[in-house]
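# Geometric and topological summary
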Amino acid sequence: MTKELLKQVRVIDPVQKTDTVGDVLIIDGYIQAVAPQITDFSADTSIRDCQGLILGTGLVDLYSHSGEPGFEERETLSSFLQAAKAGGFTRVGVLPDTSPPIDKPALVAQLQQHRDRAKASPHLHIWGAITLDLAGKQLTEVADLAAAGVVGFTDAKPWDNLGIVRRVLEYLQPFGKPVAFWPCDRHLAANGKIRDGAEALRIGLSPIPVSAETTAIAALLELVADIGTPVHIMRVSTARSVELIAKAKAQGLPITASTTWMHVLLDTTAIRSYHTSLHLDPPLGNHKDMLCLRDAVRTGIIDAIAIDHAPYTYEEKVQAFGESPPGAIGLELALPLLWQNLVTTGEFTASELWRVLSHQPAACLQQEVKAIQAGEIAELTLFNPLQTWHINKANLQTLAYNTPWFGQEVTGRVVQVWCHNNLK
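Parameters at a glance
- Residues numbered from 1 in each chain as written.
- Predicted model: local features only at pLDDT ≥ 70, side-chain atom pairs only at ≥ 80, totals over all residues.
- Heavy atoms only, no water.
- Helix = DSSP H or I, 4+ residues; strand = E, 2+ residues; numbered from the N terminus.
- Rg over C-alpha atoms; globule rule 2.2 N^0.38 Å.
- Buried < 20%, exposed > 50% of the residue type's maximum accessible area, 1.4 Å probe, protein only.
- Areas by Shrake-Rupley, 256 points an atom, 1.4 Å probe, with all protein chains shown as cover.
- Axes fitted to C-alpha atoms, helices over the stretch in contact; angles between N-to-C directions.
- Left-handed = near helix turned anticlockwise from the far one by under 90°.
- Contact = heavy atoms within 4.5 Å.
- Nonpolar A, V, L, I, M, F, W, Y, C, P; charged D, E, K, R; others polar.
- Pairing = 2+ DSSP bridges.
- UniProt positions renumbered as here; feature names shortened; annotations may be inferred.
- Salt bridge = Lys/Arg side-chain N within 4 Å of Asp/Glu carboxyl O.
- Polar contact = N/O pair within 3.5 Å; in protein donor to acceptor, adjacent residues only side chain to side chain.

Scanning the protein for helices and strands turns up 14 helices and 17 strands. Against the 2.2 N^0.38 benchmark of 22 Å for 424 residues, the protein shows a C-alpha radius of gyration of 21 Å, consistent with a compact globule. Each of the three principal axes of the protein carries a C-alpha extent, and together these read 65 × 50 × 45 Å. The buried share among the 424 residues of the protein stands at 58%. Approximately 16,600 Å² of the protein is accessible, and the part contributed by carbon and sulfur atoms is 51%.

Structure (structure tokens):
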């Protein structure tokens, strides 16, 4: 029997909307008591002084990329889960763009077996592919995938055939699982690498117009209004997209939306370094876009922040900016960097940030995060907002290090995570 008493820890609970300081007693993975002071505990209880530390509900990542199967040199499933745990995540969603893609029940079962063997690791939510081989033409056997236990459906890439999107919405409606789309018109985006604007001209990279995202969102919203199937809009990156989503929500359309942590944190000015880990898809927004995304996250127009962890090898990323594959790692970096740049500066409250990294992502998956109270499973993250550490190979669990912060010192680190693989 394990008994842990966390003394005078700051408890952030987005479920109960509280931010208090007190003691928390955890016994065998369950919260036994939460009180201003706990004095009734057995002699074999491990006591930790937690003054200055943050205890919050476990973080939830909506979607990220794992190398395995197919690209184990980038990331194995084990390193993926360990990186998630090191970053404070107790649940993490894996996208289906593996090789082979997650488009058959047998692969779902294989990933589930790996998850079940990885004790005390984050719970792995598996997204099932909508189309075979992610080709966007022939639908998978979604009923079989649903029965196999996928958390939802997505191809995690732009669609160019609205007729098939309409068919997908009609076909998936009865299953009652999240359906996620990444809206982008590839014809408008063309071969662009940076968001259109003054910075694109200054840097000299080919631009991607805002309309590449907004026209696709507008079309998707029209289909949702027509058919009524709830959808999740992934990777929102522009201010105009926020306006469209806000209007659709005001009209009662059944949608949720997410942006990524790097789009909230940075804008196009960061690309002046030409660091290939800043080559993202969709690209970083202009300063107005970043500020609008922050406001939309804080006010709930954008429901959640996703990590969209995308590991690549050193060789893949050491190319010219436009030739490198888009994406960056983030599972171990998101919480400390967001805390340092948004909470420490006073732009977000601690509760606001925790809500969009925990409670709200779970809600987008039609799940719930339990309150920090007696009797509940201890699905928790303990975070030290003042601990400094260097981002290097020795300090990262992920196999990849494609991040613009590599080699730098960051403030804030996860101390401990309580995970339970029996979460559903």
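Next comes the rest of the description.
Contact geometry of helix H12 (residues 334-343) with helix H13 (residues 350-357) gives a least axis separation of 10 Å together with a crossing angle of 145°. Between H12 and H13 lies a crossing whose hand is right-handed. In contact with Leu335, Leu338, Trp339 and Val343 of H12, H13 contributes Ala350, Leu353, Trp354 and Leu357. Residue composition of the contact of H12 with H13, by class: eight nonpolar, no polar and no charged.

Here we take up the sheet that holds strand S15 (residues 304-306). Across the sheet, four strands lie side by side as S10-S13-S14-S15; this open sheet has parallel pairing. In this open sheet, the two edge strands, each paired with only one partner strand, are strand S10 (180-181) and S15. Here strand S13 (residues 231-233) pairs with strand S14 (residues 255-260) via three bridges, running parallel. Across the sheet, the residue bridging to His232 is Thr256, located in S14.

UniProt records the feature "domain: Amidohydrolase-related" (unreviewed entry) at residues 274-419, using the numbering of this structure. Segment residues 274-419 splits into 28% helix and 16% strand. End C-alpha atoms: 38 Å apart.

A few words on the UniProt feature "domain: Dihydroorotase catalytic" (unreviewed entry) in the protein. Mapped onto this numbering, the UniProt entry annotates "domain: Dihydroorotase catalytic" (unreviewed entry) at residues 55-238. Its end C-alpha atoms 33 Å apart, residues 55-238 is made of 37% helix and 17% strand.

Our next topic: the pattern of salt bridges. If you walk through the whole model with that rule in mind, you get 17 salt bridges. A salt bridge links Asp295 to Arg298; the nearest nitrogen and oxygen atoms lie 3.1 Å apart. Note that Asp295 and Arg298 are positioned in helix H10 (residues 287-299) at a spacing of three residues, about one turn of the helix. Sharing partners across several salt bridges, the network here consists of Arg166, Glu170 and Asp226.

Quick look at the side chain of Glu379 now. Relative to the elements of secondary structure, Glu379 occurs in the loop between helix H14 (359-364) and strand S16 (380-390). Separated by 2.6 Å, the side chains of Glu379 and Thr90 make a polar contact.

The next subject is the packing of helix H4 (residues 162-172) against helix H7 (residues 211-227). At their nearest, the axes of H4 and H7 sit 10 Å apart, and the two run at 35° to each other. Once H4 is placed against H7, the crossing between them reads as right-handed. Of the residues in H7, those in contact with Leu162, Val165, Arg166, Leu169 and Glu170 of H4 are Ala219, Leu220, Leu223, Val224, Asp226 and Ile227.

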